[in-house]
Amino acid sequence: MNIESQFNMIAEEYDINRRKFISCFDDFYINTTAFIAANIKAPKRIIDLGSGTGLLAYYWFKHFPESDYLLADIADDMLSVAKRRFQGLDNVSYQTSDYIKELPAVPFDTVISALSIHHLEQS
Ligand SMILES: C[S@@+](CC[C@H](N)C(=O)[O-])C[C@H]1O[C@@H](n2cnc3c(N)ncnc32)[C@H](O)[C@@H]1O
């Protein structure tokens with residue numbers, strides 16, 4: 001089964017299980033984001049590569065609600081959950097794509113990513 005199918009299959013349960021699988025959840029998502037945010041200027045556009053359900057972007061959004069966000073992921077069902085999370089916000093957009101093959105074709109000044117590149121296969 002490819003990575004896209006694997007994540008499409010577990011998309012709806014993904015958020016509920018995060019705290020179980022990431023024992024240092026607060027440090028990993030919340031405290032690191034707060035530390036970085038305290039040390040940079042507000043980005044214009046943030047792209048989240050392998051955004052999944054938008055968990056990491058959610059914590060960035062708390063610090064930078066005015067920035068534009070582009071959430072890119074290969075698994076459509078993961079992005080569907082992200083769309084519910086950010087429903088009604090017009091500064092958050094989505095792209096279903098494989099970041100190995102293409103990067104978002106919009107200007108951006110900040111790239112974030114969590115727990116995604118370890119899925120890449122060596123070539
Ligand atoms: C473990 S999840 C992490 C999601 C999110 N960043 C988080 O911290 O909760 C990994 C995500 O990376 C995505 N992904 C893996 N390889 C990808 C690729 N080549 N292009 C785009 N997305 C990819 C998967 O579909 C999945 O949603």
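Please refer to the structure placed before this passage.
Residues numbered from 1 in each chain as written. Predicted model: local features only at pLDDT ≥ 70, side-chain atom pairs only at ≥ 80, totals over all residues. Heavy atoms only, no water.

Visitor: Any details on helix α4 (residues 76-85)? Residues and values, ideally.
Guide: For α4, the set of buried residues is M78, L79, V81 and A82. Take α4 and look down its axis: the buried residues cluster within an arc of 155°, on one side only. (Buried < 20%, exposed > 50% of the residue type's maximum accessible area, 1.4 Å probe, protein only. Helix = DSSP H or I, 4+ residues; strand = E, 2+ residues; numbered from the N terminus. Arc of directions from axis to C-beta.)

Visitor: So what's going on with the side chain of D48? Which residues, and what values?
Guide: Topologically, D48 is positioned in strand β1 (residues 45-49). Comment: no salt bridge for buried D48; closest opposite-charge side chain is R85, at 8.7 Å. Ignoring anything within four residues of it in the chain, the contact list for D48 reads L56, A57, L70, L71, A72, I112 and S113. (Lys, Arg positive; Asp, Glu negative; His and termini not counted. Salt bridge = Lys/Arg side-chain N within 4 Å of Asp/Glu carboxyl O. Contact = heavy atoms within 4.5 Å.)

Visitor: How would you summarise the pattern of salt bridges if you had to cite specific residues and measurements?
Guide: Tallied over the entire structure, the rule returns 3 salt bridges. The residue E12 makes a salt bridge to R84 at a minimum N-O spacing of 2.7 Å. Within this pair, whereas E12 is found in helix α1 (residues 3-21), its partner R84 is found in helix α4, the two being separated by 72 residues in sequence. A salt bridge links R85 to D15, with the nearest nitrogen and oxygen atoms 2.6 Å apart. Residue R85 is found in helix α4, and its partner D15 is found in helix α1; the two are separated by 70 residues along the sequence.

Visitor: Describe the nonpolar core, and please don't skip the residues or the numbers.
Guide: In globular proteins that are soluble, nonpolar side chains generally tend to be buried together. Y29, W60, Y69 and L71 are the most contacted members of the largest nonpolar core, which has 26 residues in total. Secondary structure elements with two or more residues in this core: α1, α2 (25-37), α3 (55-63), β2 (68-73) and α4. Counting residues per element, this core draws most heavily on α3, at 6 residues. Once you skip the residues sitting within four places of it in the chain, L71 turns out to touch D48, S51, G54, A57, L79, A82, F86, V92, S93, Y94 and Q95. Among the nonpolar cores identified, the runner-up in size contains 5 residues, and L49, L70, A72 and Y99 belong to it. (Core = buried A, V, L, I, M, F, W, Y, C linked by side-chain atoms within 4.5 Å.)

Visitor: Provide a residue-level description of the sheet that holds strand β4 (residues 110-112), including the pertinent values.
Guide: The strand order across the open sheet built from 4 strands is β3-β2-β1-β4, with neighbouring strands paired in parallel fashion. Of all strands in the sheet, those with a lone pairing partner are β3 (92-96) and β4, marking the two edges. Neighbour-to-neighbour, the strand axes of the sheet open up by a mean angle of 20°, direction not taken into account. By the bridge criterion, 5 bridges tie β1 to β2 in an arrangement that is parallel. (Pairing = 2+ DSSP bridges. Axes fitted to C-alpha atoms, helices over the stretch in contact; angles between N-to-C directions.)

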